[in-house]
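# Understanding the architecture of this molecule
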Amino acid sequence: MGKQAVNTFTIRHFAGDVEYTASQFLSKNQGGIGDSLLDCVQSSSFLFIHPILFPKNMEASKVTLAAQFRAQLTQLMQDLSTTTCHYIRCIKPNSMSQPKTFDVLSCLRQLRCAGVMEAAAIRKQGYPIRLTFLEFIRRYSRSLFPDIPVRQPTTNLSETELRDTVTRMCKSNPQNIFFADDFQIGVSKVLMRDKQFNAIERAHQSVTKLSAIRIQKLFRRSIARKRFVEYKKALVASTNVLANLFRRNKAHRLFQKQRLCAKKVQTVLRFRKIRFEFQKKRKGAVVVQATLRRFVNVKKFLIIRDQAREEKRKREEEERIRREEEERKRKEEEERIRRE
């Protein structure tokens, strides 16, 4: 370290050595805020500024820079204690302000100066993963320790019951995931190193993955079954429609066949009926024709008989006349002969 000026001192921080000047050190930190500024802030409607300059249990006229910084620091610590803090370290990638350019040595030097490397090493040597009993039970009881009974709701459990439950879980050591040197059970938390936490997380993720796969399988099965039932109903409905159409076509074909048979039977019956009537009429006609023909024949016979009789009578008359003529001639001849 070089020669220091008068009234100066140096404090070595993680980031490096910082030199402070002791001249007027107290007056700089005891300076009050101007009255005009205080009046302006008191009359302001911006609610964010008022509690900063006028903290509770402190008179506005006596606010100094040191008291203001102390009040702000106290408020910051109260806010940090009620939240889960995540610190962000900003690292300058290079000194040329060029995009997509990283100076490895410069980044490493900034990490070392910021104390990140030392904090990580210290954290790694201890138990960096710290879960409360309630968080540990809620996260791992159902997946890794299903055989360990846990009274519900867990929010009603006392610290002693929570500690006993966590102790039973750790002693059961399912799947041999607990290592004796990598975890400790504290007063209100379970302390674990990275190796132990990674082993538990891997087992938890494996069980969670299998459970998720099983849930997906059951859900997909439910969807597939629902679709199958819908398809089955549609298939049954279509089958019923097709069966009804088939039965309808079969019944229609049977009806057409029966209708054709009925037509044939009707045709035969009608044919027989008409044939019977025709034969009856024909028989009647034959009788009528026979009667008419008999009458005509009888009439013709009578006419022929009469004609034959008339002709016979005429022949007999002619024969008689001829005989009489011959007899007359013979007599005349005899008379003539006798006369001679």
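Residues numbered from 1 in each chain as written. Predicted model: local features only at pLDDT ≥ 70, side-chain atom pairs only at ≥ 80, totals over all residues. Heavy atoms only, no water.

### Notes on unusual backbone geometry
Positive phi, normally seen in glycine, also occurs at serine 97, with a value near 60°. Looking at the secondary structure, you find serine 97 in the loop between helix H4 (65-81) and helix H5 (104-114). Residue class for serine 97 comes out exposed when judged on its relative accessible area of 61%. The backbone phi angle of lysine 100 is positive, close to 60°, even though this residue is not glycine. Position of lysine 100 among the secondary structure elements: in the loop between H4 and H5. (Helix = DSSP H or I, 4+ residues; strand = E, 2+ residues; numbered from the N terminus. Buried < 20%, exposed > 50% of the residue type's maximum accessible area, 1.4 Å probe, protein only.)

### Describing the layout of surface pockets
Approximately 540 Å³ is the volume found for the largest pocket. Together, 14 residues line the largest pocket, and Cys85, His86, Tyr87, Arg123 and Pro128 are the ones closest to its centre. Of all the secondary-structure elements, those providing two or more residues to the lining of the largest pocket are helix H6 (116-125) and strand E3 (129-132). Per-element tally for the lining of the largest pocket: the top contributor is H6, with four residues. Class assignment of the residues belonging to the lining of the largest pocket gives a composition of seven nonpolar, three polar and four charged. (1 Å grid on protein atoms, 1.4 Å probe; cavity = no way out; pocket = protein on both sides within 12 Å on 5 of 7 lines; lining within 4 Å. Points joined across faces, edges and corners; volume = space filled by probe spheres on them. Nonpolar A, V, L, I, M, F, W, Y, C, P; charged D, E, K, R; others polar.)

### Side note on the nonpolar core
Taken as a class, soluble globular proteins show a tendency for nonpolar side chains to be buried jointly. Counting 23 residues, the largest nonpolar core has Phe136, Leu144, Phe145, Phe178 and Ile200 as its most contacted members. Of all the secondary-structure elements, those providing two or more residues to this core are E3, helix H7 (133-144), helix H8 (159-172), strand E5 (189-192) and helix H9 (194-339). The biggest single contributor to this core is H7, with five residues. Once residues within four sequence positions are removed from consideration, phenylalanine 136 is found in contact with Leu131, Ser141, Phe145, Val166, Met169, Cys170, Phe178, Val190 and Ile200. (Core = buried A, V, L, I, M, F, W, Y, C linked by side-chain atoms within 4.5 Å. Contact = heavy atoms within 4.5 Å.)

### Section: the sheet that holds strand E4 (residues 183-185)
Across the sheet, three strands lie side by side as E3-E5-E4; this open sheet has antiparallel pairing. On the outer flanks of this sheet lie E3 and E4, each paired with one strand and no other. Averaged over all neighbouring strand pairs, the angle between strand axes comes to 15°, with direction disregarded. Bridging between E3 and E5 involves four bridges; their strand directions are antiparallel. Its bridge partner lying in E5, threonine 132 is registered against lysine 189. Across the sheet, H8 touches E4 and E5, and the angle it forms with E4 is around 150°. (Pairing = 2+ DSSP bridges. Axes fitted to C-alpha atoms, helices over the stretch in contact; angles between N-to-C directions.)

### Quick look at the confidence of the model for the protein
Averaged over the protein, the pLDDT score is 79; the fraction of residues at 70 or greater is 85%. Within the protein, helix H1 (residues 25-29) has the poorest average pLDDT of any element, 64, and H9 the best, 86. (pLDDT = per-residue confidence, 0-100.)

### Looking at the packing of H7 against H8
Between H7 and H8, the least distance of the axes is 9 Å, while the angle of their chain directions is 45°. Taken together, the axes of H7 and H8 lie oblique to each other. Handedness of the H7/H8 crossing: left-handed. Facing Phe133, Leu134, Phe136, Ile137 and Ser141 of H7, the residues of H8 in contact are Glu159, Leu162, Arg163, Thr165, Val166, Met169 and Cys170. Across the contact of H7 with H8, the residue classes tally to eight nonpolar, two polar and two charged. (Parallel < 35°, antiparallel > 145°, perpendicular 65-115°, else oblique. Left-handed = near helix turned anticlockwise from the far one by under 90°.)

### A word on the environment of arginine 163
Here arginine 163 lies in helix H8. Given a relative accessible area of 33%, arginine 163 falls into the partly exposed group. In this structure the C-alpha to C-alpha distance between arginine 163 and isoleucine 185, which are 22 residues apart in sequence, comes to 8.1 Å. Leaving out residues up to four positions away in the same chain, arginine 163 has contacts with Phe133, Ile185, Gly186 and Val187.

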